[in-house]
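The chain contents come next:
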Number of protein chains: 2
Amino acid sequence: MTRVVRWDEIDSALARVDVVAEIERGFVAYSRGECVVPPVGELIFDEPPGEVHIKYGYVRGEEHYVVKVASGFYGNAKLGLPSGQGMMILFRQATGEPVLVLLDEGRLTDERTAAAGAAAARLLAPPEIEAIGIFGTGIQARLQLAYLRDVVACRRVLAWGRNADRLAVYARDARELGFDVEEVSDPDRVARESQLIVTTTAAKAALFGSDTVQRGTHVTAVGSDTPGKQELPSQLLGRADLVVADSLAQCRERGEIASAPELSEDRVVELGHVAAGDHPGRTTNTAVTVADLTGVAVQDLRIAEAVLRGLID
Amino acid sequence: MTRVVRWDEIDSALARVDVVAEIERGFVAYSRGECVVPPVGELIFDEPPGEVHIKYGYVRGEEHYVVKVASGFYGNAKLGLPSGQGMMILFRQATGEPVLVLLDEGRLTDERTAAAGAAAARLLAPPEIEAIGIFGTGIQARLQLAYLRDVVACRRVLAWGRNADRLAVYARDARELGFDVEEVSDPDRVARESQLIVTTTAAKAALFGSDTVQRGTHVTAVGSDTPGKQELPSQLLGRADLVVADSLAQCRERGEIASAPELSEDRVVELGHVAAGDHPGRTTNTAVTVADLTGVAVQDLRIAEAVLRGLID
């Protein structure tokens, strides 16, 4: 019998599992070639504007495959609805039977994206962080901080957003998470004074100048997941000592790497290789590292399975 | 609030709507270019062998988009499970909100496929049918007859199957549907003596000889939905007066048309063009017509919406 659960139950289940560890385990399987992850399915709507991503895949020899539908309709806010919507479904690999329908309203995608950001910070951020720079004021900007709490000691945040009112609301929420937040109107100042930068916007052009990023900084970009989106200056990827992709194939199509065609191959590696210890990741305190996260179906698989384990029967 | 319904409710809802008319309406929209139907997503499993198809799409300007997951795991029978599994989901085009999850165990795919067969027969079969020839003994062979009851007067069936025991069970079930069924071991005899032939197998080579098909016959093939499958002799498509595809683009990849590369373009048309009256379809009693049905997401959309309308609140 297929089990169907809604957000309250999902949220309680998440509290019982280590999501970041599960996501890292997923990246390791992905980068070791154990996953079957076909290209992302996509539906685009014009009126009102919206986009739907359908991600699906499995790890060979495991129990489940996953299908995830996640959409962004940016006019939803006017209707009092979250822009993100969708669901995740686990099916049995051996028989095709649906096991679990997670009516998550798109939130597990937010959670697993934030968990990937925390994994990137755990693996790549410098040991000393005086300030975390956050670009964007949406749900992802909130969740990144919520997950970062468990992997970095720094509690000082420089926050930038396009809209001052939304930035003020964001700053208030981030303070409730235990952070000391400064609202900053100059994006270059955020980039210059932060040693861990996380960009969470739907920008189509660089948010700050490449030269503002100081040596020893780690930058994670999670906003770009579609061709045409870009948050980081392509020169930053060009001067970085190491660029880490969640999926090289996908980042070349949809990520920051897609906007940096001159990036040399020998400075690019997958997050799963770093998580597995197959690549050393950051090797000096002065290195500039960039993580380009576009979202891979194996994250959906891992978080859905984590929820399944966390559910109380 | 997303509504989730299981098969009993779905089955009752189907009885309250005209599924064949809905499917025809879907084909019309598809062939008029009103649909957005991206290529089928696919997952293949080796041990145990199985395949998953993910179909999704929408008609521009309508209310919903659909995502359908349907799988075939042919070892399920040994476990006492149906080989088909899956679900259909309707989402709101304007916001992305999931409206309806149909836990149909793959059965709506069977229903909409059978309804497409009935539509093809309604539009293309000759006026006089002495016998319906059915190839295959599975669920689709049963459903094709169930749906044909409403569109053709003929009640005589010549049935062929690879396995005599399964053929006997099929014949018994078909008699319960009100048909006079003869079990036939020679596939060429079924083809020769039937004016409406429906093939519903997973064959990888032609089931009967091209020359056995008499003038005035209509043949519908529903089994081939993946490259490598083939039920009809390619020569039959070569000599047919008209070949009708549910989706030309898809049939060239996955259908009988994929196995008949020499078929000339001027004798191929889409079912939606015939259903809309934009193409006359069968014009003489002696024409040989072939329908190549591979399954299109717009059928999933139409049957899911039909269920939504048929549900009693």
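For the structure, check the block above.
Residues numbered from 1 in each chain as written. Chains lettered and ligands numbered in written order. Predicted model: local features only at pLDDT ≥ 70, side-chain atom pairs only at ≥ 80, totals over all residues. Heavy atoms only, no water.

(A) Quick look at helix H1 (residues 7-14) of chain A. All names here are of chain A. Buried residues of H1: Trp7, Ile10, Ala13 and Leu14, and no others. Seen along its axis, H1 keeps its buried residues to an arc of 125 degrees; they face one direction. Tucked inside the fold, the buried residues of H1 contact strand S1 (3-6), helix H2 (19-31), strand S7 (98-103), helix H3 (107-124) and helix H10 (297-310). (Buried < 20%, exposed > 50% of the residue type's maximum accessible area, 1.4 Å probe, protein only. Helix = DSSP H or I, 4+ residues; strand = E, 2+ residues; numbered from the N terminus. Arc of directions from axis to C-beta. Contact = heavy atoms within 4.5 Å.)

(B) Summary view of the pattern of salt bridges. All told, the structure shown has 44 salt bridges over all chains when counted by the stated rule. Glu9(A) serves as the salt-bridge partner of Arg3(A), at 3.1 Å between the closest nitrogen and oxygen. Using a relative accessible area of 26% as the deciding quantity, one classes Arg3(A) as partly exposed. On the basis of relative accessibility, which here comes to 36%, the residue Glu9(A) falls in the partly exposed class. Lys229(B) serves as the salt-bridge partner of Glu51(B), at 3.5 Å between the closest nitrogen and oxygen. Taken together, the residues Glu51(B) in strand S4 (residues 50-59) and Lys229(B) in the loop between strand S12 (218-221) and helix H7 (234-239) connect sequence positions 178 residues apart. The class for Lys229(B) is buried, based on a relative accessible area of 12%. Among the ionic contacts, a cluster of salt bridges with common partners joins Arg156(A), Glu182(A), Arg189(A) and Glu193(A). (Salt bridge = Lys/Arg side-chain N within 4 Å of Asp/Glu carboxyl O.)

(C) Quick look at the interface of chain B and chain A. Contact with chain B, which involves 38 residues of that partner, is made by 38 residues of chain A. At the junction of chain B with chain A, the criterion picks out zero salt bridges. Among the elements of the structure, strand S1 (3-6), strand S3 (41-45), S4, strand S5 (64-72), strand S6 (84-92) and strand S7 (98-103) of chain B are those that each provide at least two residues to the side of chain B that touches chain A. Looking at the side of chain B that touches chain A, its residues break down into 25 nonpolar, ten polar and three charged. (Nonpolar A, V, L, I, M, F, W, Y, C, P; charged D, E, K, R; others polar.)

(D) Quick peek at the packing of aromatic side chains. A full pass over the atoms with the stated rule returns twelve aromatic pairs over all chains. When the ring of Phe135(B) is compared with that of Trp160(B), the centres are 5.7 Å apart and the planes differ by 45 degrees; the resulting orientation is tilted. Of this pair, Phe135(B) sits in strand S8 (residues 132-135) while Trp160(B) sits in strand S9 (residues 156-160), placing them 25 residues apart in sequence. Judged by its relative accessible area of 0%, Phe135(B) falls in the buried class. Classification of Trp160(B) by relative accessible area gives buried; the value is 10%. In textbook terms, an aromatic cluster arises when at least three aromatic residues are bridged by ring pairs, as seen for Phe45(A), Phe73(A), Tyr58(B), Tyr65(B) and Phe91(B). (Phe/Tyr/Trp six-rings, centres within 6.5 Å; stacked < 30°, edge-to-face > 60°.)

(E) Up close: the environment of Ile257(B). Mapped onto the elements of the fold, Ile257(B) is located in the loop between helix H8 (248-254) and strand S14 (268-270). Those residues in contact with Ile257(B) that sit more than four places away from it in its chain are Leu237(B), Val243(B), Ala245(B), Leu248(B), Cys251(B), Arg252(B), Leu263(B), Val268(B) and Asp292(B).

(F) Highlighting the environment of Arg60(B). All names here are of chain B. Turning to its location among the elements, arginine 60 is positioned in the loop between S4 and S5. C-alpha of arginine 60 to C-alpha of glycine 33: the two residues are 27 residues apart in sequence and 9.3 Å apart in space. Once residues lying within four places of it in the same chain are set aside, the contact partners of arginine 60 are Gly33, Glu34, Cys35 and Val36. A polar atom in the side chain of arginine 60 sits 2.8 Å from the backbone oxygen of glycine 33. (Polar contact = N/O pair within 3.5 Å; in protein donor to acceptor, adjacent residues only side chain to side chain.)

(G) Expanded view of the packing of H3(A) against helix H4 (residues 139-148) of chain A. All names here are of chain A. One can describe the packing of H3 onto H4 by two numbers: an axis separation of 8 Å at closest approach and a directional angle of 50 degrees. The pairing of H3 with H4 is recorded here as oblique in orientation. Here H3 runs over H4; the crossing is right-handed. Judged by residue contacts, Asp110, Glu111, Thr113, Ala114, Ala115, Gly117, Ala118 and Ala121 of H3 engage Ile139, Gln140, Leu143, Gln144, Tyr147 and Leu148 from H4. (Axes fitted to C-alpha atoms, helices over the stretch in contact; angles between N-to-C directions. Parallel < 35°, antiparallel > 145°, perpendicular 65-115°, else oblique. Left-handed = near helix turned anticlockwise from the far one by under 90°.)

(H) Inspection of the sheet that holds strand S13 (residues 242-245) of chain B at higher detail. All names here are of chain B. Read across the sheet, eight strands follow the order S10-S9-S8-S11-S12-S15-S13-S14 without closing on themselves; strand pairing throughout is parallel. Single-partner strands in this sheet number two, and they are strand S10 (180-183) and S14. With direction set aside, neighbouring strand axes in the sheet form an average angle of 20 degrees. Bridging between S13 and strand S15 (residues 289-292) involves four bridges; their strand directions are parallel. By the bridge assignment for S15, leucine 242 is matched with threonine 289. (Pairing = 2+ DSSP bridges.)

(I) Local environment of the side chain of Asp104(A). Along the chain, the position of Asp104(A) falls in the loop between S7 and H3. The buried charged residue Asp104(A) lacks any salt bridge, with Lys68(A) as its nearest oppositely charged partner at 6.9 Å. (Lys, Arg positive; Asp, Glu negative; His and termini not counted.)

(J) Structural view of the side chain of Gln93(A). Along the chain, Gln93(A) turns up in the loop between strand S6 (84-92) and S7. You can call Gln93(A) buried: its relative accessible area is 8%. A distance of 2.9 Å separates a polar side-chain atom of Gln93(A) from the backbone oxygen of Val59(A). Residues within four places of Gln93(A) in sequence aside, it is in contact with Tyr58(A), Val59(A), Gly61(A), Glu62(A), Glu63(A), His64(A), Tyr65(A), Phe45(B) and Phe73(B).

(K) Spotlight on the relation of the copies chain B and chain A. With an axial shift of 0.0 Å and an RMSD of 0.0 Å, the rotation relating chain B to chain A amounts to 180 degrees. Taken together, these values place the two copies in the relation of a two-fold axis. By C-alpha distance to the rotation axis, the residue of chain B lying nearest is Gly41(B), at 3.6 Å. Here 100% of the interface residues in chain B have copies in chain A that are interface residues too; the copies meet face to matching face. (Least-squares fit on C-alpha atoms with pLDDT ≥ 70 in both.)

(L) Fine view of the sheet that holds strand S10 (residues 180-183) of chain A. Residues and elements named next belong to chain A. On the basis of which strands lie adjacent, the open sheet formed by eight strands has the order S10-S9-S8-S11-S12-S15-S13-S14 and parallel pairing. Each edge of the open sheet is held by one strand with a lone partner, namely S10 and strand S14 (268-270). The sheet shows a mean angle of 20 degrees between the axes of neighbouring strands, direction not considered. The pairing of strand S8 (residues 132-135) with strand S11 (residues 196-199) spans four bridges and is classified as parallel. In the sheet register, isoleucine 132 faces S11, and the bridge partner there is leucine 196. The strands touched by H3 within the sheet are S11, strand S12 (218-221), strand S13 (242-245) and strand S15 (289-292), with S12 carrying the most contacts at an inclination of about 165 degrees. The sheet strands contacting helix H5 (residues 164-176) are S8, strand S9 (156-160) and S10, and the helix crosses S10 at an angle near 170 degrees.

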